[in-house]
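# Examination of the molecular architecture
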Amino acid sequence: MVDKRETRLKLKMLLLVVAGTLGALAAALFLWEMVVDGLLQDPFARSVLWVCQNLFGCDEAGAGPLAGAVYAGAVILPPECSIEGLNDSKQVKPEVRERIAVQVKAVAVAWTVEYVEASDIDACGMTASLALAFRRAIRRIEEAGVRPDVVLLDGNPMRLDEREVNVVKGDGKCASIAAASIVAKVERDALMCRYAEEYPEYGFDACKGYASAAHIEAIKRYGLTPIHRATFCTAFTQPARFERLRVLPHVSTAAFSTLASRSARLRVQAGRLFHLR
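To start, this report covers the structure provided alongside it. (Residues numbered from 1 in each chain as written. Predicted model: local features only at pLDDT ≥ 70, side-chain atom pairs only at ≥ 80, totals over all residues. Heavy atoms only, no water.)

### A closer look at the packing of aromatic side chains
Across all of its chains, the model carries four aromatic pairs by this definition. The interplanar angle of 25 degrees and the centroid separation of 5.5 Å between the aromatic rings of Tyr-71 and Tyr-115 together place this pair among those described as stacked. With Tyr-71 in strand S2 (residues 70–76) and Tyr-115 in strand S3 (residues 110–116), this pair connects stretches of sequence that are 44 residues apart. Classification of Tyr-71 by relative accessible area gives buried; the value is 8%. (Phe/Tyr/Trp six-rings, centres within 6.5 Å; stacked < 30°, edge-to-face > 60°. Helix = DSSP H or I, 4+ residues; strand = E, 2+ residues; numbered from the N terminus. Buried < 20%, exposed > 50% of the residue type's maximum accessible area, 1.4 Å probe, protein only.)

Okay, structure coming up:
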């Protein structure tokens, strides 16, 4: 009986240790999500990582369009900063974005917007171009005399910096990332509106370079401009190349007839062989 009691007592102690360990892990995960993956405007969450005074948020704008540069925004907000309406730039109306961008620039410890041109995107690819834009943003902030403690990057790992922390859908969770997404989006949209004056046929003020039906139709009708990403537009420019190939006199009509007759004979021979088997 004594042995059974001792076994039960040991089992209860083991369960208590396991429950305590799981509780500690859950608390740690909760605090981590508050600080890195979410409520960065919460004073309590800020106090958990009090040593990280400069939380550097990065996000891009314009990775998907057919035209224009890709932009990288970077923002360091002061502790306990609260900006009304701050959210993922895609979830905020254009007029509200512009107001928030002004507020962000006014209260930020540091901010910058860097970009990589369409020609460089064609030459290097989007992944390398994004990495270049983000590295430029980090360098520009540090050159201004502000050293980030943590580099919060929206999306998947890019291994830009040893301080990098990745937050999936971070522009809807982290204040500094959301601020970076808004300042980058506002700067890029303003540039595309200026391009609309230079290239009025493409409606850049409306589509911002994205693949709208009107934009695609303009590409097919007028061709590409210097600000288009040629490698993104092959689906709309390739048919024109085929049209040009059709009129090139590489193969004569007689040669086509010869090839057609040979193909017909081969099909007949193949049929005979099949029937013989």
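### Quick look at the nonpolar core
The nonpolar side chains of soluble globular proteins are, as a tendency, buried together. Residues Val-75, Leu-77, Leu-86 and Phe-204 are the most contacted members of the largest nonpolar core, which totals 37 residues. Elements that contribute at least two residues to this core include exactly S2, helix H3 (94–107), helix H6 (175–198), helix H7 (204–207) and helix H8 (213–222). The element best represented in this core is H6, accounting for 12 residues. Residues Val-116, Ala-131, Phe-134 and Ile-141 belong to the second largest nonpolar core, which totals 21 residues. (Core = buried A, V, L, I, M, F, W, Y, C linked by side-chain atoms within 4.5 Å.)

### Quick notes on H6
If you check H6, its first and last C-alpha atoms are 35 Å apart, about what 24 residues at 1.5 Å a residue would give, namely 34 Å. Most of H6 sits out of view: 18 of its 24 residues are buried. (Expected span 1.5 Å × (residues − 1).)

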